[in-house]
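Summary of the model geometry
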Amino acid sequence: MKKVAYGVVGLVILLIAAALVVPSFIDWNSFKPEIAAEVKKATGRTLELRGDLDLDILPAPRLVASDAVLSNVPGATSPEMVRLKELRVSVKFAPLLQGKVEVASVELVEPVIELERLPDGKANWEFAPEAAAAQAESGASSGEPAEASSAQGDADSFQLDSLRIVNGTLIYRDRAAGSVERVEKISVELSARSLTGPFTVNGSANVRAMPLSVSANVGKIAESGAIPISARIGVVGNPARFDIRGTVTDAETSPHVVARIEGEGPDLGALAAGLSGGAAAPALRHPFSLAATLGATENTVSVEDVQFRLAGATLNGQAKATLDDVTKAIVTLRADPLDLDPFVATQPGPAPANASGASPGGSGSSGGGAAGAPAAQGAAAGLPANLDITANLSVGEAKLRDGRIRDIRLSSSLRGGKVTLDTLAARFPGSGEFEASGSASMPRGALAYNGKVSFRTANLRTLMEWLQVDASSVAADRLRRLTVSADVSGSAEQVQVADIRMQLDASRVSGGVTLALRERPAFGASFNIDQFNLDAYVPPKPAGARAQQAGGQGADGGGASSSGSAKPAGGTAKSEGPLAALKTFDANLALRVGSLHYQRTAIQDVRFDGTLVNGEMTIRNASVSSLAGTKAQVKGTLYGFDGIPAFKGEVAAASDDLTGLFAVLGVDTPMPPGRLGKMRLSSRTDVTQDRLQIDANLQIAEIRARLTGSASDFPDAPKFDLVLDAQHPELARLAAVFG
């Protein structure tokens, strides 16, 4: 009997040993087709196991699969939805003998997951199992409800000690919105006591090149009752943190989330710069805190009791959204009072280096590389049409520079792919009132916007004092009234400000400006000013300065050196010309001033019409109808702005009485200027820094004169080749003019 017992025991041991050892000798790669077929049934996608499959039983059951790929949906950007370098699964042996599955570890090495929403709104994470499709087509159904107790038992018999993701990458693409987001260097460890929890998650990841840390806990999932959740999100190497604590109810039937969100940090600007990949905004480089209550269901999200604080300023509000085919949201924010001085006083500092040391924008949607191209494609897609968002902001009073900006109101919306600014208004010191409205859209991917702006104040001087602009040199009765209104429109290529209507005190201005947004700046402008009293705004020169200017003498009474005392030592240094800035942009300008008062003289009908292209100015018309009784006009080309400008063109002038002109110019004559009679001048001139060509006709004091020829080699050794032809009908009368 003992021999039989020993034989049975030996046989059992041998069978167990065979069961444990034999799997090591099986070529598990031969089962790849069966595994792929099961995945196909479950997901409707193709699974490729390009590497080897390895299964060991001793010392513990362990499965290793390498180079696995799950296919994507047709039309997706990438043909692969999931790429996995290696999968490692280790299961505890002893619990298996008790009918329990305790997974010691699951390790996903370098997984790359591509999540994408296609232009038609479909998502690639929505699977279509073949078995479910076949059942739907046949109409087959068991009609038997699942046994909850059995499912609960299976869930409780499962335990996962550790699920690790090593150096993972998550890519999210929204083709409809044209956005791409990447989460890289994902290192996460998850543990679960059963399939229904509780769960614990700890890990880190780089979001837009900013290294974030996360720790979370989820309580045991039950069909009824509240499931506690908590999480903390931080920035590696940065004390900023965000905490979430709340519950989830009716998780199996109609999930409802209620949570409290709290966050704080020492520098909002540095945090925002790290997430956006740009430079830190100086105005945001202050401590901040955030608190809000979040509520969410399957198709609604609400954020109540929002309290955001930054540098002593507090912003309160709420937001509600309905998630449907068209997402609708209303955001309301308010602040009263608001202190803006801390933000204006902030000086720009160096852009903070993110904790990871990566260059800004290295992996975000605004960066280059793989994320950059889809972002450009998204710009061509236009603004999302499936959003209906309304935003309202109100600030009762904002303090700035010892002044008050009151009744700040902003109302805007994004609807049907179009952004509308219903109202932007504020009241400034000096009874200033600002208003703006407009809209923006991206038809066929090209930005287009238009709107209206207006500003008016009954006390401009008070406004300028608040803006710290010194106006003390301007007469006290000026800089009082200002009204401005204009239509603004444009695109990514240009900005147009049309129908400008402005009144400054008694002067009225109308016109428009078009600015081309290109590498070399360019603008076109046309303005009409009815009248302007320049004397009232330009402080008069002291009497001594006027006398000095008229006499052409320095303080010591000596005349100016004809050789030019400002000539640099050595004679070789070359300074940039006084008009060198005109080389940096192109322009087309048309200006008319009906009446200009300067030095107590009325200058009538001042006009300028010209074009500046590539450092050359074409003057089509520069003229005055009456400068103290004298009419003048200039036409031609002005160029050579590197040094002393050159001119080639025509000059004309006419006057019936030079008395007024001489008085304005401060010219003293030995006889009354009226004796000179009529003056007529016409000239063709080509003048540069070192030469002159002229053909001029002058009529004055009954003299008819013509000057032709050239002069050159200025200023060192001037040469003259000039011919003067002058005639007068009677020498006695000419002598009487000057006698």
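Preceding block: the structure.
Let me sum up the structure you'll find in this document. (Residues numbered from 1 in each chain as written. Predicted model: local features only at pLDDT ≥ 70, side-chain atom pairs only at ≥ 80, totals over all residues. Heavy atoms only, no water.)

1. Brief notes about the overall build of the protein
If you tally the helices and strands in the protein, you get 11 helices and 37 strands. Burial analysis of the protein (739 residues in total) assigns 29% to the buried set. Once local pairs closer than 6 in sequence are excluded, the contacts in the protein between residues at least 24 apart make up 44%. For the protein, the exposed surface amounts to about 42400 Å²; the carbon and sulfur share of it is 58%. (Helix = DSSP H or I, 4+ residues; strand = E, 2+ residues; numbered from the N terminus. Buried < 20%, exposed > 50% of the residue type's maximum accessible area, 1.4 Å probe, protein only. Contact = heavy atoms within 4.5 Å. Areas by Shrake-Rupley, 256 points an atom, 1.4 Å probe, with all protein chains shown as cover.)

2. Focus: the packing of aromatic side chains
Two aromatic rings are characterised by how far apart their centres lie and by the angle between their planes. According to the stated counting rule, one finds 7 aromatic pairs in the structure shown. Judged by centre distance (6.1 Å) and plane angle (55°), the ring pair of F428 and W466 falls under tilted. Of this pair, F428 sits in strand β21 (residues 418-428) while W466 sits in helix α8 (residues 460-466), and the two are 38 residues apart along the sequence. We classify W466 as buried; its relative accessible area is 9%. Aromatic side chains F523 and F585 sit 6.0 Å apart centroid to centroid with 25° between the ring planes, which places their arrangement in the stacked category. (Phe/Tyr/Trp six-rings, centres within 6.5 Å; stacked < 30°, edge-to-face > 60°.)

3. Regarding the environment of P111
By the element assignment, P111 lies in the loop between β5 (101-109) and β6 (112-117). In sequence terms P111 and R83 are 28 residues apart; their C-alpha atoms lie 5.6 Å from each other. When neighbours within four sequence positions are excluded, P111 is seen to be in contact with R83, L84, I165, V166, N167, G168 and T169.

4. Observations regarding helix α2 (residues 32-43)
Along an α-helix, residues three or four apart share an orientation, since each turn contains 3.6 residues. The end-to-end C-alpha distance of α2 is 16 Å, a good match for the 16 Å that 12 residues give at a rise of 1.5 Å each. Those residues of α2 not exposed but buried are K32, A36 and T43. Taken end-on, α2 shows its buried residues confined to a sector of 45°, consistent with a single buried face. Looking at the buried residues of α2, the elements they touch are β1 (47-49), β2 (53-56) and β3 (62-71). Just downstream of α2 lies G44, where phi reads positive at about 80°. (Expected span 1.5 Å × (residues − 1). Arc of directions from axis to C-beta.)

5. Things to note about the side chain of D388
Topologically, D388 is positioned in strand β19 (residues 387-400). Classification of D388 by relative accessible area gives buried; the value is 17%. Ignoring anything within four residues of it in the chain, the contact list for D388 reads V326, T327, K328, A329, L414 and R415.

6. Considering the pattern of salt bridges
Enumeration according to the criterion identifies 39 salt bridges in this entry. With a closest N to O distance of 3.0 Å, D586 and R520 form a salt bridge. With a gap of 66 residues between them, D586 in strand β29 (residues 586-598) and R520 in the loop between β26 (507-516) and β27 (522-529) connect regions that are remote in the sequence. Judged by its relative accessible area of 9%, D586 falls in the buried class. The class for R520 is partly exposed, based on a relative accessible area of 25%. Salt bridges here are not isolated pairs; linked through shared partners, they connect E48, R50, E80 and R83. (Salt bridge = Lys/Arg side-chain N within 4 Å of Asp/Glu carboxyl O.)

7. A short note on the nonpolar core
Grouped together as the largest cluster of nonpolar side chains are 30 residues, with contacts concentrated most on I405, L460 and L479. Contributions of two or more residues to this core are made by β10 (210-218), α5 (268-276), β19, β20 (403-415) and α8. Broken down by element, the residue count for this core peaks at 4 residues, all from α8. The residues contacting L460, other than those within four sequence positions of it, are L479, R480, L482 and L504. Of all hydrophobic cores here, the second largest spans 10 residues; its members include A653, I700, A701 and V737. (Core = buried A, V, L, I, M, F, W, Y, C linked by side-chain atoms within 4.5 Å.)

8. Observations concerning the pairing of strand β12 (residues 238-249)
Sheet analysis places strand β11 (residues 226-235) next to β12, joined by 10 bridges and oriented antiparallel. Bridge pairing in β12 places A226 opposite T249. Counting the residues in the hairpin turn of β11 and β12 gives 2 residues, including G237, whose phi is positive at 80°. Here β12 runs beside strand β13 (residues 256-265); their pairing, made up of 9 bridges, is antiparallel. Bridge assignment links G246 to a residue of β13, and that residue is A259. Here β12 folds back onto β13, and the loop between the two strands holds 6 residues, one of which, D250, carries a positive phi near 50°. (Pairing = 2+ DSSP bridges.)

9. Things to note about the pairing of strand β32 (residues 630-639)
Remember that side chains alternate between the two faces of the sheet whenever the strand is regular. In terms of strand pairing, strand β31 (residues 616-627) meets β32 through 7 bridges, oriented antiparallel. Pairing of M617 across the sheet is with L638, part of β32. The pairing of β32 with strand β33 (residues 646-655) spans 10 bridges and is antiparallel. From the neighbouring strand, A632 faces β33, where its bridge partner is A653. Taking the residues that link successive antiparallel strands as the turn, the β32-β33 hairpin has 6 residues, and the phi of G640 there is positive, at about 70°.

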